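The primary structure of each chain is shown beneath.
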Amino acid sequence: MNLSFDRLSQLNIEALYGPSEQTVSSLAFHSGRVQPDAAFFCLKGENFDGHAYIEDAIARGAAVIIGREDELFRRMSEVYTRTTFIVTGSVRSAMARFSKYFYGEADEELKTIGVTGTNGKTTVAAYVRSLLNLLELPAGSIGTTGIWTSDRKITYKKSTPTTPESLDLHHIFRDLRNHGDEAAVMEVSSIALDQCRVEGIQFDVAIHTNFSEEHLEYHHTIDHYKECKLRLFKQADHRVVNIDDDGMAAELLAMGSDGLLTYSIEGHPEADIRAEDIQVTEDGSTFTLQVYDRSESVQVPVYGTYNVANVLSAIGTALHLGFSIDHILSVLPALQGPEGRFQVIDTPMNQKVILDYAHTPVALNRLLEEVKKLRHRRLIVMIAGIGIRDFNKMPKMAAAIEGRADEIIVTVDHPGYHDPQIIVDQVCTGFSHPESPHVHQTRTREEGVLRSLELGAEGDIILLTSGCINNAQMVKGEEIPHSDEAIIESFYAGVAQ
């Protein structure tokens, strides 16, 4: 792409050194991924500063360098005279807007749906994608379980666990559009909103699930966490709001009623979409749907009252996009959920292994309430401390499970640069009786899964929780491949022999 940078308002240029025109063939924010004629964005993170890698980027062929260091760029332009150096007030903002331009503004050709909330983002995104595809609007999704087109999961190395960096995000939008998809539903994290990853995107629909304490290792205050979440709804044409949520619903309702649909499973009569008489069975859930002064009996293959709420948010999204309630009702029985969210695996030993990556105290509480409704002899639960998250949350996970399971396995997810035993010890400070023989400690998720399965017997439910993401464990900056499903399959294959 031949570009004249002095005409690109997307970059919010404060100063430009070197040639004002360049051919740009790719974008990068990691110097190791720079290709010839790339534009390199000098992002600053907690552990790195892209400005320190400029010479590496140039050696690899970068034609354009975008950052904030005016004096550094002026000096370097005298040495690298063929390179364009652009000074901008916000590198992340410039990257978001330039990426959108570079990839042909593909997001504007798609129906875009953003999902935010402390819990439920992954499940809601999966339900919306499934529902839209059932309604014959081809939809892909972007989030914790990976990148999906309307018909398959695609291999894509994401830059972050949940919401990709803007550079990757707009690349994905282009790929979805080129695949023939007409909609994209994505999880939008508070950190992504704070880091401008979705800046410049006007969402067709923004969905709110709930709000509780999380990510304070990043935001430091609950007020900043909430303020970041609210930003999504300021760049959306329509909103779907969980009126049952005490954490953030009031602020969203105060934004006005235009383009608003609310939902409730707690009997709020003012909600636009309500589920009543919810019954959880071995095959899913049934409920009475109240919408548009209509009352309809619904059966969906999802477990848990909180997941019924997630289904309501998907219904609200489809209504916003112009689908009739009759059309929606006709396809709901075929709704599909995400990998690793109340994923039930029957075993040869007449047990149920349930995968649900609940990783907050609120999510764990809700999950336990629903699991206990299923028939079982004993309940075996694995919880984990997540090394790349807030250490203050870890004891709360122990407090949430204590006294509610027959056996508890404490393990580690994504230790990062921490000693796994320190993480396990931090979790165990939340137990009143950490020395109980029914509390078992392991130092890796694989060991935790295996110990949980070994403790199981006929008729038991084995519940594996917490935040295994992207089929990997983050250990000292490396992604170590991991699959709960593969471990489970191998374990029971060995038992059968």
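Analysis parameters
- For every chain, the first residue of the written sequence is number 1, and numbering continues from 1 onward in sequence order.
- Local features in a predicted model are, by the rule used here, given only for residues with pLDDT of at least 70; side-chain atom pairs are given and counted only at 80 or more, and totals for whole chains, interfaces and linings are based on all residues.
- Side-chain measures here rest on the full set of heavy atoms in the structure, leaving out hydrogens and waters.
- DSSP calls a pair of strands paired once it identifies at least 2 bridges connecting them.
- Helix and strand definitions follow DSSP, with helices as H or I runs of at least four residues and strands as E runs of at least two, each counted in order from the N terminus.
- By the convention used here, residues are in contact when the closest approach between their heavy atoms is within 4.5 Å.
- Only the stretch in contact is used when a helix axis is fitted, and all axes are lines through C-alpha atoms; the angle between N-to-C directions ranges over 0 to 180 degrees.
- By definition here, a helix of n residues has an expected span of 1.5 Å times n minus one.
- Buried residues are those whose accessible area, probed at 1.4 Å on protein chains only, stays under 20% of the maximum for their type, while exposed residues exceed 50% and partly exposed ones sit between those limits.
- Put simply, a nonpolar core is a bunch of buried Ala, Val, Leu, Ile, Met, Phe, Trp, Tyr and Cys residues held in one set by side-chain atoms that sit within 4.5 Å of each other.

(A) Quick look at the sheet that holds strand β16 (residues 273-281). Strand order in the open sheet made by the eleven strands is β11-β10-β9-β12-β8-β13-β14-β15-β16-β17-β18, with mixed pairing throughout. The sheet is open, and its two edges are formed by β11 (153-154) and β18 (294-300), each paired on a single side. Bridging between strand β10 (residues 146-148) and β11 involves two bridges; their strand directions are antiparallel. Note on β11: the bridge partner recorded for Trp148 is Lys153. Strand contacts of helix α10 (residues 305-320): β8 (111-116), β13 (203-208), β14 (236-242), β15 (260-264), β16, β17 (284-291) and β18, with the helix running at about 140° to β16, the strand carrying the most contacts.

(B) Summary view of α10. For α10, with 16 residues, the first-to-last C-alpha span of 23 Å sits near the 22 Å given by 1.5 Å per residue. In terms of burial, α10 is largely enclosed, as 15 of its 16 residues are buried. Backbone geometry just downstream of α10 places Gly322 in the positive-phi region, at approximately 100°.

(C) Fine view of the nonpolar core. Judged by nonpolar contacts, the single largest core of 43 residues is most densely connected at Leu289 and Ile328. With eight residues, the single largest contributor to this core is α10. Leu368, Ile408, Ile423 and Cys428 belong to the second-largest nonpolar core, a separate cluster that totals 31 residues.

(D) Spatial organisation of the sheet that holds strand β22 (residues 407-413). Read across the open sheet, the six strands follow the order β19-β20-β24-β21-β22-β23; overall the sheet is mixed. Looking at which strands have only one partner, the edges of the open sheet turn out to be β19 (343-346) and β23 (439-441). Direction aside, neighbouring strands of the sheet carry axes that sit 20° apart on average. Pairing geometry for β19 and strand β20 (residues 352-356), over four bridges, is antiparallel. Opposite Ile345, over in β20, you have Val353 as the bridge partner. Relative to the sheet, helix α13 (residues 394-401) contacts β21 (379-386) and β22, its axis offset from that of β21 by approximately 170°. Seen against the sheet, helix α15 (residues 445-455) touches β20, β21, β22, β23 and β24 (461-465) and runs at an angle of roughly 165° to β22.

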